[in-house]
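Chain by chain, the residues run as shown.
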Amino acid sequence: MTFAEKLDFLMNITNTSNSLLARNISMDASFISRLRRGVRTPARNVSYIRVMAEYFTRSCTAEYQKAALQEAMK
């Protein structure tokens, strides 16, 4: 699974729009869109990956979200 596929998956199960994620992690929505579509890939050791992970950790609280994550990780 590519980074773009993983990001899209997380955004779909948390019902997060590009603009919502961008606001929460202080980034541009168009950059989030490019990451989500696979047009851009994150460089190594970029700080926004950690901030994204923290956002999705806070957003995945429902049982169906946890089950979807568990299934995706197998």
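Remember, predicted model here, so these are calculated numbers, not experimental data.

**Some points on the packing of helix 2 (residues 18-25) against helix 3 (residues 29-37)**
Moving on, step 1. For the pair helix 2 and helix 3, interaxial distance at closest approach is 8 Å and the crossing angle is 120°. For the crossing formed where helix 2 meets helix 3, the hand is right-handed. The segment helix 2 lies against helix 3, with Asn-18, Ser-19, Leu-21, Ala-22 and Ile-25 engaging Ala-29, Ile-32, Ser-33 and Arg-36.
Moving on, step 2. Considered class by class, the residues forming the contact of helix 2 with helix 3 number five nonpolar, three polar and one charged.

**Some thoughts on the nonpolar core**
Moving on, step 1. Core analysis: the largest hydrophobic core is formed by 12 residues, namely Leu-7, Met-11, Leu-21, Ala-22, Ile-25, Phe-31, Ile-32, Leu-35, Tyr-48, Met-52, Tyr-55 and Phe-56.
Moving on, step 2. The element best represented in this core is helix 4 (residues 47-59), accounting for four residues.
Moving on, step 3. Contacts of Tyr-48, omitting those with residues within four sequence positions, involve Met-27, Phe-31, Leu-35, Pro-42 and Ala-43.

**Some words on the packing of helix 1 (residues 3-13) against helix 5 (residues 63-73)**
Moving on, step 1. One way to put it is that helix 1 packs onto helix 5 with a least axis distance of 10 Å and a crossing angle of 160°. As summarised for this structure, helix 1 and helix 5 are arranged roughly antiparallel, according to the angle between their axes. Handedness of the helix 1/helix 5 crossing: right-handed. Along its contact with helix 1, which presents Phe-9, Leu-10 and Ile-13, the element helix 5 presents Tyr-64, Gln-65, Ala-68, Leu-69 and Ala-72.
Moving on, step 2. A per-class count over the contact of helix 1 with helix 5 returns seven nonpolar, one polar and no charged.

**A word on the pattern of salt bridges**
Side chains that carry opposite charge are capable of pairing whenever their charged atoms lie near each other.
Moving on, step 1. All told, the structure shown has three salt bridges when counted by the stated rule.
Moving on, step 2. Asp-8 is paired through a salt bridge with Arg-36; the nearest N and O atoms lie 2.7 Å apart. A residue pair is termed long-range when its members are at least 10 positions apart, and Asp-8 in helix 1 and Arg-36 in helix 3 qualify at 28 residues.
Moving on, step 3. Across the pair Glu-63 and Lys-66 runs a salt bridge whose closest N-O atoms are separated by 3.8 Å. Taken together, the residues span about one helical turn, with Glu-63 and Lys-66 both in helix 5 at a distance of three residues.

**Things to note about the packing of aromatic side chains**
Within a pair of aromatic rings, the relevant descriptors are the distance that separates the centres and the angle that separates the planes.
Moving on, step 1. Tallied over the full model, the rule gives two aromatic pairs.
Moving on, step 2. Residues Phe-31 and Tyr-48 carry aromatic rings whose centres are separated by 5.6 Å and whose planes lie at 90° to one another, so their mutual orientation is edge-to-face. Placement of the pair is Phe-31 in helix 3 and Tyr-48 in helix 4, with a sequence separation of 17 residues.
Moving on, step 3. Phe-31 sits in the buried class, given a relative accessible area of 13%.
Moving on, step 4. Centroid distance Tyr-55 to Phe-56: 5.2 Å. Interplanar angle 75°. Geometry classified as edge-to-face.

Parameters and conventions
Residues numbered from 1 in each chain as written. Predicted model: local features only at pLDDT ≥ 70, side-chain atom pairs only at ≥ 80, totals over all residues. Heavy atoms only, no water. Axes fitted to C-alpha atoms, helices over the stretch in contact; angles between N-to-C directions. Helix = DSSP H or I, 4+ residues; strand = E, 2+ residues; numbered from the N terminus. Left-handed = near helix turned anticlockwise from the far one by under 90°. Contact = heavy atoms within 4.5 Å. Nonpolar A, V, L, I, M, F, W, Y, C, P; charged D, E, K, R; others polar. Core = buried A, V, L, I, M, F, W, Y, C linked by side-chain atoms within 4.5 Å. Buried < 20%, exposed > 50% of the residue type's maximum accessible area, 1.4 Å probe, protein only. Parallel < 35°, antiparallel > 145°, perpendicular 65-115°, else oblique. Salt bridge = Lys/Arg side-chain N within 4 Å of Asp/Glu carboxyl O. Phe/Tyr/Trp six-rings, centres within 6.5 Å; stacked < 30°, edge-to-face > 60°.

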